[in-house]
Amino acid sequence: MIRLSGIEKRFPGQTVPAVRHLDLDIPRGEVVVLVGPSGCGKTTTLRLINRLIEPTAGRIELDGEDVTEVDPDALRRRMGYVIQQIGLFPHMTIAENIGMVPRILGWDADRIRARVDELLELVGLAADEYRGRYPKELSGGQSQRVGVARAMAADPPVLLMDEPFGAIDPITRARLQDEFQRVQDTVAKTVVFVTHDIDEAVKMGDRIVLLRVGGEIAQYDTPERILAAPADDFVASFIGAGARVRGLTLTRLSDVEATPWPTVEPGELERLDATDGRPLLVLEDGRPSRWVVAGDGAGTPVDTVLRRDVSLHDALDALIGSESGRAVVVDEDGRGRDVVELDTIRAAVVAMRRRHADEATA
Amino acid sequence: MNLFEYVSSRQELVVELTLQHALVVALSIAIATIIGVGTGVLVYRRDRAARMAIATAGVFLTIPSFALFGLLIAPLGLGYPPTVVALVLYALLPILRNTVTGLRSVDPAVLESARGMGLGRRRRLLRIELPLAWPVILTGIRVSTLVTLGIAAIAAAINGPGLGDLIFEGIGRIGAVNALNQTLTGILGVVVLALVFDTLFFGVRRLTTSRGVR
Ligand SMILES: Nc1ncnc2c1ncn2[C@@H]1O[C@H](COP(=O)(O)OP(=O)(O)OP(=O)(O)O)[C@@H](O)[C@H]1O
Ligand SMILES: [Mg+2]
């Protein structure tokens, strides 16, 4: 765990400190995202943690040990650092860039080679194609991925990442975020992750630190609670419009209650008499197939089915585009008879907000 | 006798003087490189020190070569020692200045990531900064080499080695038989050496700079 207490950093000649009164506990194995407007001290905070700069006041501990008592180079080798400007070594190949810290640590050549290839594949670059290239032969997004791979090379317990996915297109970025989360689920590193992008913060963070200019914490909380209960106007305006819709990415469909729907088998259709106006769900072999109303003959096909593990955000997106305004929740085999409607999601959002508000007052 | 016949008739002497010339320049450049790059490494992060070092090296260049060679006779005598010392002094400025420029032009982001990865002062210098500054430093060494090739000819005035002998002797008896040929041979030798050294530098540059920074 990393603990910052009473940290202040004033650069020479600065009247207003870049960071002030910073108290922050970063629990082991969690991803803490620093987010805030440009110049609010995000990079400064990272550089304080690995001692690229020394605080004007305050104390930083890593696992209970004051970092000022550790050899800075040894400390930094335990903390992978992805800098905002990437900073690959232009005269070294991609493999040499990634293998730098392992080489310093005295790994043998075979082990380094294997690790380089493993990391390249991990960040989605074909090892055969990229290991021998030079940084100038990469696109911005590829360089960024190499930067991430390089920081992870020696498997450090702590990762400091300064906008690691900033220059990447949305699709690749989403893939890298997913990939990073998948890896993080198994390796559980202590990660301090900087971004400008509140959506990225919500997606990546176990906790989010919202900083205002001057390096003060506006709110330090879980993504759910930051979205549902912003501490003040600054936080609310930083999150911006659509906070509730954003919050939907954090909840799975399986967390809300879907309504079991009245169903009929195809063979029973003839015997169908008056219903209460709501269509019945026709199941074929347990799979949803059509919506039928008495006297309407064939009915309409079921156009929207959703797996249980999609986020409410994706569920909402699908429902808005659905003719019937309903979606059937199905398992891996496509079987199911529970239904969600637009209103189900609205009710879930309201319930969540109430819960967070209760926690905040409790 | 035309120039060609003249050179063939004294082939042995011409070859020997050319080799001497090349050797004294190579030796001086080697020493100047050690001193220049070493000083550059020591001063490039200190603004005042860097300015003072460069200014001092600049002063040597402004001393007329003839006068400098003469001044060095008293402490060092004649021949190789004063020649090498003088040439080193002339060669310093381009090497030192380019070392400082090269080291300072390394991208700060590259240094920040190197520091952030836990590369200490020495490793950063040897693995990152010097390799990245090397093309610029090498250019300085090349310029120094060309400058000293010319100046080395003056060393003949103090009994120094090299092609200067032919030039001075030829000039001294100008109008006499073959005097012009003698002078021209000396000059031609220097020009040929310059071309050879230049080619050499081209090869060294290719061999010693990474494809990533070419
Ligand atoms: N080396 C430095 N010397 C002087 N001032 C600095 C230095 N580094 C940062 N600052 C100042 O400290 C403040 C915080 O800078 P910092 O780089 O931490 O911001 P940031 O949150 O990372 O911004 P961005 O999102 O634009 O990267 C800024 O006002 C900046 O000008
Ligand atoms: Mg920054």
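Coordinates for the structure precede this section.
How each quantity is defined
Residues numbered from 1 in each chain as written. Chains lettered and ligands numbered in written order. Predicted model: local features only at pLDDT ≥ 70, side-chain atom pairs only at ≥ 80, totals over all residues. Heavy atoms only, no water. Helix = DSSP H or I, 4+ residues; strand = E, 2+ residues; numbered from the N terminus. Buried < 20%, exposed > 50% of the residue type's maximum accessible area, 1.4 Å probe, protein only. Contact = heavy atoms within 4.5 Å. Areas by Shrake-Rupley, 256 points an atom, 1.4 Å probe, with all protein chains shown as cover. Donors = N, O, S within 2.8 Å, 3.2 Å for Na, K, Ca; no water. Arc of directions from axis to C-beta. Buried area = accessible area lost by both parts, 1.4 Å probe. Salt bridge = Lys/Arg side-chain N within 4 Å of Asp/Glu carboxyl O. Pairing = 2+ DSSP bridges. Axes fitted to C-alpha atoms, helices over the stretch in contact; angles between N-to-C directions. Parallel < 35°, antiparallel > 145°, perpendicular 65-115°, else oblique. Left-handed = near helix turned anticlockwise from the far one by under 90°. Phe/Tyr/Trp six-rings, centres within 6.5 Å; stacked < 30°, edge-to-face > 60°. Lys NZ or Arg CZ within 6 Å of the ring centre and 35° of its normal. Patch = residues over 30% accessible without salt bridge, like charges linked within 9 Å, V, L, I, M, F, W, Y side chains within 5 Å. Lys, Arg positive; Asp, Glu negative; His and termini not counted. Charge placed at Lys NZ, Arg CZ, Asp CG, Glu CD.

(A) Layout of the overall build of chain B. The number of helices and strands found in chain B is nine helices and zero strands. Sequence-ordered secondary structure for chain B, helices as α and strands as β, is α-α-α-α-α-α-α-α-α. Seen through its C-alpha atoms, chain B measures out along the principal axes to roughly 70 × 40 × 20 Å. Burial analysis of chain B (214 residues in total) assigns 47% to the buried set. A fraction of 76% describes how many contacts in chain B between residues 6 or more apart in sequence connect residues 24 or more apart. Entry remark: accessible area of chain B is about 10,600 Å², with carbon and sulfur atoms responsible for 69%.

(B) Spatial organisation of the side chain of Gln219 of chain A. As for its placement among the helices and strands, Gln219 of chain A is situated in strand β10 (residues 216–221). Contacts of Gln219 of chain A, omitting those with residues within four sequence positions, involve Ile208, Val209, Leu210, Arg225, Ile226, Ala229, Pro230, Ala231 and Val235 of chain A.

(C) Geometry of the coordination of the magnesium ion (ligand 2). All names here are of chain A. Surrounding the magnesium ion (ligand 2) are the protein donor atoms Thr43 (OG1) and Gln84 (OE1), which sit 1.9 to 2.4 Å from the metal. Here the residue Thr43 occupies a position in helix α1 (residues 42–49), and Gln84 occupies one in the loop between β6 (79–82) and α3 (94–98), the gap between them amounting to 41 residues. Under the relative-accessibility criterion, Thr43 is labelled partly exposed at 26%.

(D) Up close: helix α8 (residues 164–172) of chain B. Residue and element names in this part refer to chain B. Regarding α8, the residues found buried are Gly164, Leu166, Ile167 and Gly170. One face of α8 carries all of its buried residues, which in axial projection span an arc of 165 degrees. At its buried positions, α8 is contacted by α2 (11–43) and α9 (179–208).

(E) Seen up close, the interface of chain A and chain B. In this assembly, 28 residues from chain A lie in contact with 21 residues from chain B. Between chain A and chain B, roughly 2,100 Å² of surface is buried when both sides are summed, and carbon and sulfur atoms account for 58% of that area. Our count for the contact surface shared by chain A and chain B stands at two salt bridges. Across the pair Arg47 of chain A and Glu112 of chain B runs a salt bridge, and its minimum N-O distance is 2.7 Å. Among the secondary structure elements, those contributing two or more residues to the side of chain A that touches chain B are α2 (72–77), β6 and α4 (100–104) of chain A. Here the side of chain A that touches chain B gets four residues from one element, more than from any other, and that element is α4 of chain A.

(F) Broad picture of the sheet that holds strand β14 (residues 287–292) of chain A. Residues and elements named next belong to chain A. Strand order in the open sheet made by the four strands is β12-β13-β14-β15, with mixed pairing throughout. Of all the strands in the sheet, the pair left with one neighbour each is β12 (263–264) and β15 (300–301). Strand direction decides the pairing type here: β12 and strand β13 (residues 280–284), joined by two bridges, are parallel. In the strand pairing of β13, Val264 is matched with Val282.

(G) The packing of helix α5 (residues 80–104) of chain B against helix α7 (residues 121–152) of chain B, seen in detail. Residue and element names in this part refer to chain B. For the pair α5 and α7, interaxial distance at closest approach is 7 Å and the crossing angle is 150 degrees. Classed by the angle they form, the pair α5 and α7 counts as roughly antiparallel. Between α5 and α7 lies a crossing of right-handed hand.

(H) Representation of the pattern of salt bridges. Applying the stated rule across the entire model yields 31 salt bridges over all chains. Across the pair Arg28 of chain A and Asp63 of chain A runs a salt bridge, and its minimum N-O distance is 3.3 Å. Of the two residues, Arg28 of chain A is situated in the loop between β2 (19–26) and β3 (31–35) and Asp63 of chain A in the loop between β4 (57–62) and β5 (65–66); the sequence distance between them amounts to 35 residues. Judged by relative accessible area, Arg28 of chain A falls into the exposed class, the value being 60%. A relative accessible area of 46% places Asp63 of chain A in the partly exposed class. A salt bridge links Arg142 of chain B to Asp198 of chain B; the shortest N-O distance between them is 2.6 Å. Linking Arg142 of chain B in helix α7 with Asp198 of chain B in helix α9, this pair joins segments that are 56 residues apart in sequence. Overall, Arg142 of chain B belongs to the partly exposed group, its relative accessible area being 31%. One network of salt bridges, in which partners are shared, links Arg59, Glu61 and Asp66 of chain A.

(I) Representation of the pairing of β10 of chain A within the structure. All names here are of chain A. Where strand β9 (residues 207–212) and β10 come together, five bridges link them in antiparallel fashion. Along β10, the bridge assignment pairs Ile208 with Asp221. Adjacent in sequence and paired antiparallel, β9 and β10 are bridged by three residues, among which Gly214 carries a positive phi angle near 100 degrees.

(J) Seen up close, the packing of aromatic side chains. Residues and elements named next belong to chain A. Inspection of every chain in the model, using the stated rule, returns three aromatic pairs over all chains. An angle of 75 degrees between the planes, with centres 6.0 Å apart, marks the rings of Trp261 and Trp291 as edge-to-face. On the criterion of sequence distance, the pair formed by Trp261 in the loop between β11 (259–260) and β12 and Trp291 in strand β14 is long-range, its members being 30 residues apart. Across the pair, Trp291 and Trp261 agree in class, each one buried. When the ring centre of Trp107 is taken as origin, the NZ or CZ atom of Arg111, which lies over that ring, is 3.6 Å away. Sitting above the plane of the Phe89 ring, Arg150 keeps its charged end 4.7 Å from the centroid.

(K) Representation of a positive patch on the surface. A grouping of Lys136 of chain A together with Arg205, Arg206 and Arg214 of chain B is seen on the molecular surface, where their side chains present a positively charged patch. By the element assignment, Arg214 of chain B lies in the segment after α9. Judged by relative accessible area, which is 44%, Arg214 of chain B ranks as partly exposed.

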